[in-house]
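Coordinates in review
Chain by chain, the residues:
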Amino acid sequence: MARRMEFTGHYAVVGRRSLTPADWYVGFKCKSCDLKFAMMDEPTHTGEVEFGGQALFSATCPGCGKAADYGSNDLLTFQAAQGGPTSTA
């Protein structure tokens, strides 16, 4: 059974500078360079979390440095393939 996270409001997001290989994260796919970056650990540690709500996230990609706004529908889970700020997984 998947768990659900609801977000409402406006959030200023700081991308994680360090990822641990094989750990799960919640984040976004950069609108500029297409790399995934994390804003937080994924709480189920399985990637089986669902998202909802009407939130706006303002974030800067730690890979390319471009700022963009993301909606709740842009949230994604991913498993880090390598350490560092971004993932290609």
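For clarity, every value in this text was computed on a predicted model and none was experimentally measured.

Spatial ordering of the open sheet is given by β2-β6-β7, a layout of three strands whose pairing is mixed. Here the strands that pair on one side only, and so sit at the sheet edges, are β2 (9-14) and β7 (67-71). Shown here is a sheet whose adjacent strand axes are inclined to one another by a mean of 25°, direction ignored. As paired strands, β2 and strand β6 (residues 55-60) are joined by six bridges and run parallel to one another. Across the sheet, residue Val13 finds its bridge partner in β6, namely Ala59.

Let us look at the environment of Glu6. Relative to the helices and strands, Glu6 is located in strand β1 (residues 3-6). Separated by 49 residues in sequence, Glu6 and Ala55 place their C-alpha atoms 8.7 Å apart. Apart from the residues lying within four places of it in its own chain, the contact partners of Glu6 are Gly52 and Gly53. Separated by 2.6 Å, the side chains of Glu6 and Arg4 make a polar contact. Within the structure, Glu6 has its side chain in polar contact with the backbone nitrogen of Gly53 (distance 3.1 Å).

Moving on, we come to the packing of aromatic side chains. Summed over the entire model, instances satisfying the criterion amount to eight aromatic pairs. For the ring pair Phe7 and Tyr11, a centre distance of 6.1 Å and an interplane angle of 90° mean the geometry is edge-to-face. Given the relative accessible area of 32%, Tyr11 is considered partly exposed. Relative to Phe57, the ring of Tyr11 has its centre 5.3 Å away and its plane inclined at 15°; by these criteria the two rings are stacked. Remark: Phe57 occurs in strand β6 and Tyr11 occurs in strand β2; sequence separation between them is 46 residues. Grouped by ring-pair contacts, the aromatic residues Phe7, Tyr11, Phe28, Phe37, Phe57 and Tyr70 constitute a single cluster. If you follow Lys31 out to its NZ or CZ, it ends over the ring of Tyr70, 4.9 Å from the centre.

Another point: the side chain of Thr44. Of note, Thr44 is situated in the loop between β4 (36-41) and β5 (49-52). Of the residues examined, Thr44 reaches a relative accessible area of 15% and is grouped as buried. Looking at Thr44, its side chain comes within polar contact range of the side chain of Thr46, at 2.8 Å. The residues contacting Thr44, other than those within four sequence positions of it, are Arg3 and Val49.

Summarising the sheet, β6 and β7 pair through five bridges and their orientation is antiparallel. Paired with Phe57 across the strands is Tyr70, a residue of β7. Count of turn residues in the β6/β7 antiparallel hairpin: six residues, of which Gly65 carries a positive phi of about 85°.

Criteria and thresholds
Residues numbered from 1 in each chain as written. Predicted model: local features only at pLDDT ≥ 70, side-chain atom pairs only at ≥ 80, totals over all residues. Heavy atoms only, no water. Pairing = 2+ DSSP bridges. Helix = DSSP H or I, 4+ residues; strand = E, 2+ residues; numbered from the N terminus. Axes fitted to C-alpha atoms, helices over the stretch in contact; angles between N-to-C directions. Contact = heavy atoms within 4.5 Å. Polar contact = N/O pair within 3.5 Å; in protein donor to acceptor, adjacent residues only side chain to side chain. Phe/Tyr/Trp six-rings, centres within 6.5 Å; stacked < 30°, edge-to-face > 60°. Buried < 20%, exposed > 50% of the residue type's maximum accessible area, 1.4 Å probe, protein only. Lys NZ or Arg CZ within 6 Å of the ring centre and 35° of its normal.

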